[in-house]
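# Examination of the molecular architecture
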Amino acid sequence: MMKCSDLIKILNRQADESYACDWDNVGLLAGSLEKDIQKVYIALDASDEAVEAAVAKGADLLLTHHPLIFKGIKRITQEDMVGRRLMAMIRADLCYYAMHTNFDVMGMAQLAQQRLGLCNAVPLEVTCVEDGVPQGIGRVGELAHKMTVSECCSFVKSAFDLQYVKVFGELTKTVRRAAVCPGAGKSEVCLALKAGADVYITGDIDHHTGIDAAACGMAVLDAGHYGIEHIFIAYMAEYLHKNAPELTVVMQERVEPFQIV
């Protein structure tokens, strides 16, 4: 058991809140710094299901990647989605902590790079320097060997344990230089093109951005926002096992947030 404030110090050693983008909302979003923490429930989103499961399992703190609160809140009511979840947390005395773009910079990009085995990889967008090493959003580097876009699709599905990916571009095109941006990747497309990527692997791309990128000669693989970023859950569970072994850690079961019918 430890105080919430002490757990936050441990989490900040992995991805300090100062590395988050200025538009983001990370850190302790609900609860008390003085609360005793024994059990942590980890999920990607603070969904109704995640909050209910955290409460049902007796968790003291819910840890997610995406923050439930992005903008100012004028009211907290049961009829509002955000309010409903916050009320459930408060009733259960459940602390809530989010690691979003600070983890994107200091964790998610590296994890995605490792899953893809990218060589000579550098940040797609440099946002800071840590111990003299540039860090930032996404990565761009070389795949282990040349492959077709179709083969790359199979490779990405295997790397992230996916059933499908959405593809923009010719399946027979040969690719080697790859960029990856977990989560929503629209804002990084121009940087991927500038970096000379043959293929751009991301978690969320819109129709027009996808076809425009393909028209510029860069294939785009949309592996799903949850499809890539679910790696946060297992990584943070392992991190806490190593750095806070006195805590009990529970991971949300992997369930896609949508269905294809």
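Residues numbered from 1 in each chain as written. Predicted model: local features only at pLDDT ≥ 70, side-chain atom pairs only at ≥ 80, totals over all residues. Heavy atoms only, no water.

### A short note on the packing of helix α2 (residues 48-56) against helix α3 (residues 81-91)
- It is at 10 Å that the axes of α2 and α3 come closest, and there the two elements cross at 5°. If you check the angle between α2 and α3, you find them roughly parallel. Contacts between α2 and α3 involve D48, V51 and V55 from the first element and R84, R85, A88 and M89 from the second. (Axes fitted to C-alpha atoms, helices over the stretch in contact; angles between N-to-C directions. Helix = DSSP H or I, 4+ residues; strand = E, 2+ residues; numbered from the N terminus. Parallel < 35°, antiparallel > 145°, perpendicular 65-115°, else oblique. Contact = heavy atoms within 4.5 Å.)

### Digging into the packing of helix α4 (residues 101-116) against helix α9 (residues 231-243)
- Here α4 crosses α9 at 105°, and the two axes come no closer than 11 Å. As summarised for this structure, α4 and α9 are arranged roughly perpendicular, according to the angle between their axes. Together, F103, M108, L111, A112 and R115 of α4 and I231, F232, Y235 and M236 of α9 make up the contact between the two elements.
- Looking at side-chain class alone, the contact of α4 with α9 contains eight nonpolar, no polar and one charged residues. (Nonpolar A, V, L, I, M, F, W, Y, C, P; charged D, E, K, R; others polar.)

### Regarding empty space enclosed by the protein
- Under the criterion given, the structure shown has one cavity of 30 Å³ or more.
- Roughly 40 Å³ of volume is contained in the largest cavity.
- Around the largest cavity, the lining residues are L162, Q163, Y164, A223, G224, G227, E256 and F258.
- Counted by class, the lining of the largest cavity contains four nonpolar, three polar and one charged residues. (1 Å grid on protein atoms, 1.4 Å probe; cavity = no way out; pocket = protein on both sides within 12 Å on 5 of 7 lines; lining within 4 Å. Points joined across faces, edges and corners; volume = space filled by probe spheres on them.)

### A few points about the pattern of salt bridges
- Within this structure, the stated rule accounts for twelve salt bridges.
- Across the pair R84 and D48 runs a salt bridge, and its minimum N-O distance is 2.8 Å. Residue R84 is located in helix α3, and its partner D48 is located in helix α2; the two are separated by 36 residues in the primary sequence.
- With a shortest N-O distance of 2.7 Å, R177 and E142 are connected by a salt bridge. In this pair, R177 is assigned in strand β10 (residues 174-184) and E142 in strand β8 (residues 133-148), connecting sequence segments 35 residues apart. (Salt bridge = Lys/Arg side-chain N within 4 Å of Asp/Glu carboxyl O.)

### What to know about unusual backbone geometry
- With a phi angle near 55°, D93 is a residue other than glycine that sits in the positive phi range.
- Tracing the backbone shows D93 in the loop between α3 and β6 (95-98).
- Here the phi dihedral of N120 falls at roughly 55°; this positive angle occurs in a residue that is not glycine.
- Assignment of secondary structure puts N120 in strand β7 (residues 119-130).
- On the accessibility criterion, N120 (67% relative accessible area) is exposed. (Buried < 20%, exposed > 50% of the residue type's maximum accessible area, 1.4 Å probe, protein only.)

### Digging into the pairing of β8
- Here β7 runs beside β8; their pairing, made up of eight bridges, is antiparallel. If you follow E125 over to β8, its bridge partner there is I137.
- Here β8 pairs with β10 via six bridges, running antiparallel. Directly across from M147, in β10, lies its bridge partner V175. (Pairing = 2+ DSSP bridges.)

### Comments concerning the state of the cysteines
- A complete count under the given rule lists zero disulfides for this structure.
- In this structure C153 is a free cysteine whose sulfur lies 6.4 Å from that of C152, the closest cysteine sulfur available.
- On the basis of relative accessibility, which here comes to 8%, the residue C153 falls in the buried class.
- Among the cysteines around C216, which has no disulfide bond, C190 carries the closest sulfur, lying 8.2 Å off. (Disulfide = S-S within 2.5 Å.)

### What to know about the sheet that holds β8
- Ordered by their spatial adjacency, six strands build an open sheet running β7-β8-β10-β11-β12-β9, and the pairing between neighbours is mixed. Lying at the two open borders of the sheet, with one neighbouring strand each, are β7 and β9 (166-168). Each strand of the sheet is rotated relative to its neighbour by a mean of 25°, with strand direction disregarded.
- Along the sheet face, helix α5 (residues 149-160) touches β8, β9, β10, β11 (199-204) and β12 (219-222) and points at about 125° away from the line of β8.
- Contacting β9 and β12, helix α7 (residues 207-215) runs over the sheet at an angle of about 45° to β9.

What is shown is where atoms sit, not what they do.
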